[in-house]
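Chain and residue survey
Residues per chain, in single letters:
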Amino acid sequence: MLFKGIPASHGIAIGPAFLLKVEELRHAKRSLGSSAAAADSEVVRFQNAISAVKHDLENIADSMGDVVEGRQILEFLLLLLQDPTIKKEVESTIHGGMVNAEYAVSTTLRGVMEKFNVMADPYIRERVADVKDVGRRVIEKLSGTEKEALKKLEKPVVLVAKDLDPSETAGLKPGQVLAFVTDMGGRTSHTTILARALGIPAVVGLQKITSQINPRDILIVDGIHGHVIINPTKKELKYYREIGDRFQEAENLLKRMNPGPALTEDGVRFELAANIELPHEVAIVKQFGVDGIGLFRTEFLRLIQEKGENENDHFNIYDKVASEMHPKPVIIRTYDMGGDKFRTGLDSAREANPFLGYRAVRIGLDRPEEFSIQLRAILRASVHGNVRLMFPMVTHVEQLRRLKDLLNLVQNELTSQGIPFNRDMQVGIMVETPATVLALDLMLPYVDFVSIGTNDLTQYTLAVDRGNPKVADLYDSFHPAVLRQIDTVVRLCHSQGKWVGVCGSMAGNPLAVPLLIGFGVDELSVAPALIPDVKKMIAVVTIDAAREMAEKSLSLETGLRTRALVHSYVIGKYPEILLDENDWKPGG
Ligand code: PEP
Ligand code: MG
């Protein structure tokens, strides 16, 4: 039985299920009678519990070593734990209602969770898990029933839960927990980000998987594609063991790999870059040997900016990434909030069609003052000389003009303040909609480069929500309508002397690599874990064969036929390549 969710952290794991019972944040009410002394001692118990939890969280934070995101998340939990308003409310509930501390904590925090839950901003809604996490820990300390389940594990397991508390995730050891799968969770939850930082494969947002899994069921967790298989067949086990071994081999190989450039079979150097979201990924990327950062997604910054935009927070991160990658280029993409990503503020109303709504530069242009903070920080980091700036989701030339005007304004401001920046910093846009493709000739005069975001381009071309499993079989980046647009974009860019990259997930699909090379794109930018695979694919392709396949694909009727075409070429040269049969087998 296969379930599709959100691939939250890369890797493959196979193992027995361990179902974690997630307790609701509830506790029985006990009356203290009318003794003021009893109420005072409940308050003291509550304060002691807070100190004990503080101590535990600090220990977990210390054990995270240099996993910076982990420490930041725990710092946030600590802030929540010591929030004076919450503390005051618990204490006045104890005194006012003459009730036990456990009950006062549970009612107070459920009230906070309810408030968070109705917020339009998914970022705030995801903080509900943090409140629950802190509340549960305090209640466990108070009632002495501390949850030990995770610590008692003897054999490595796949953890199955409705949701995982961030501090529980932080306490997971990669050897003890093979992977985790959850009903809830999104790409941007603290738990998901931590899983990536800890290198534990994870699939989240599986909706009702907890009701389908029994203890000790064997699970395959494919954190690359977001698949979970319950009690797999022998064939599935064999296939995923191979993929898992290969993934592991690739990881090991990477540690020893000569970080040389990507070369085609006929010796042509091909530019290969990495997509990152967290600054610590730079260290991994550098071991792999890439030509730069082709896409630095900055939405995660929203996580550490609890109190609103802060120019120095932005700057410190951009500056670190730019200096560590120097002299290789780093393309920093401005915020792409909205759609399925973080929302910007508490006031943003729910939208019927978020992917067609208030997203990316649409928000930036609507709130130029906030947006300028990010632009200032990027410009300040540009002094290194290797920073490039990229705007996502540009659909109208007017937007592009306004974006350039805003950038100019910020540049003038920096000049008048005597703050240095690179005047020649390259500025580009993402091509993510058919409108951008069809009007690209009008936009190119304003930019130095473009990068094709095939994730959104596929979604908007085929009118298929990229995150909706019900229509996932229609989502196909090999569809002729998508391939023809890629061809058009490359031709247009080259006719005006502009370089063009691809940074959507298509760039990391082994069967797409020969095609994209054949279309003539100048750079592929892929998730760090996929770099070895893509390098290997580049190495088995000759430029002539790639061009021939790309040309042919433009006249094929279906995406499947194109994949079969590339597959028949690749399999002769790279017989050990592992691909999902459904990806290329006609009728498969
Ligand atoms: C894309 O749309 O292909 C892309 C790279 O951007 P994101 O996935 O962040 O929307
Ligand atoms: Mg996109």
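Relevant structure appears above.
To keep things clear, this report deals only with the structure shown in the data block. (Residues numbered from 1 in each chain as written. Chains lettered and ligands numbered in written order. Predicted model: local features only at pLDDT ≥ 70, side-chain atom pairs only at ≥ 80, totals over all residues. Heavy atoms only, no water.)

Right, let's talk about the coordination of the magnesium ion (ligand 2) for a bit. Those donors, E432 (OE) and D456 (OD), are the protein atoms that reach the magnesium ion (ligand 2), and they lie 2.1 Å from it. With E432 in the loop between strand 14 (427-431) and helix 16 (434-438) and D456 in helix 18 (residues 454-462), this pair connects stretches of sequence that are 24 residues apart. Each member of the pair E432 and D456 is classed as buried. (Donors = N, O, S within 2.8 Å, 3.2 Å for Na, K, Ca; no water. Helix = DSSP H or I, 4+ residues; strand = E, 2+ residues; numbered from the N terminus. Buried < 20%, exposed > 50% of the residue type's maximum accessible area, 1.4 Å probe, protein only.)

Secondary-structure assignment places E281 in helix 10 (residues 281-288). The exposure class assigned to E281 is buried, which follows from its relative accessible area of 15%. Residue contacts for E281: discarding those within four places in its chain leaves I276 and P528. (Contact = heavy atoms within 4.5 Å.)

For the rest of this paragraph, the subject is unusual backbone geometry. The amide bond that connects H326 to the next residue, P327, takes the cis arrangement and shows omega of 5 degrees. Its location among the elements puts P327 in the loop between helix 12 (311-325) and strand 12 (330-333). Its identity is not glycine, yet Q207 carries a phi of approximately 70 degrees, on the positive side. With respect to the helices and strands, the residue Q207 is situated in the loop between strand 6 (202-204) and strand 7 (218-222). One non-glycine residue, A463, adopts positive backbone phi at about 55 degrees. Tracing the sequence through the fold places A463 in the loop between helix 18 and helix 19 (480-495). By relative accessible area, A463 is classed as exposed at 70%.

What follows concerns the pairing of strand 14. With 5 of its 5 residues buried, strand 14 lies for the most part within the structure. Residues V427, I429 and V431 point to one face of strand 14 and G428 and M430 to the other, with burial holding for every one of them. Strand direction decides the pairing type here: strand 13 (residues 387-391) and strand 14, joined by 3 bridges, are parallel. Within the sheet, the bridge partner assigned to L389 lies in strand 14 and is V427. Crossover strand 13 to strand 14 through helix 15 (residues 397-416) is right-handed. Sheet analysis places strand 14 next to strand 15 (residues 449-452), joined by 4 bridges and oriented parallel. If you follow V431 over to strand 15, its bridge partner there is I452. (Pairing = 2+ DSSP bridges. Right-handed = clockwise from strand over helix to strand, strands pointing away.)

Between helix 1 (residues 36-63) and helix 3 (residues 84-97), the shortest axis-to-axis distance is 9 Å and the interhelical angle comes to 150 degrees. Taken together, the axes of helix 1 and helix 3 lie roughly antiparallel to each other. Between helix 1 and helix 3 lies a crossing of right-handed hand. Here A39, D40, E42, V43, F46, Q47 and I50 of helix 1 come into contact with helix 3, specifically with K87, V90, E91, I94 and H95. Of the residues that constitute the contact of helix 1 with helix 3, the class distribution is 6 nonpolar, 2 polar and 4 charged. (Axes fitted to C-alpha atoms, helices over the stretch in contact; angles between N-to-C directions. Parallel < 35°, antiparallel > 145°, perpendicular 65-115°, else oblique. Left-handed = near helix turned anticlockwise from the far one by under 90°. Nonpolar A, V, L, I, M, F, W, Y, C, P; charged D, E, K, R; others polar.)

Going through the model one piece at a time under the given rule, you end up with 4 aromatic pairs. Between F449 and W499, the ring centres sit 5.1 Å apart and the planes meet at 10 degrees, which makes this aromatic pair stacked. In this pair, F449 is assigned in strand 15 and W499 in strand 16 (residues 499-502), connecting sequence segments 50 residues apart. Each member of the pair, F449 as well as W499, carries the same accessibility label: buried. For R380, the ring lying beneath its charged end belongs to F315, and the centroid distance is 4.1 Å. (Phe/Tyr/Trp six-rings, centres within 6.5 Å; stacked < 30°, edge-to-face > 60°. Lys NZ or Arg CZ within 6 Å of the ring centre and 35° of its normal.)

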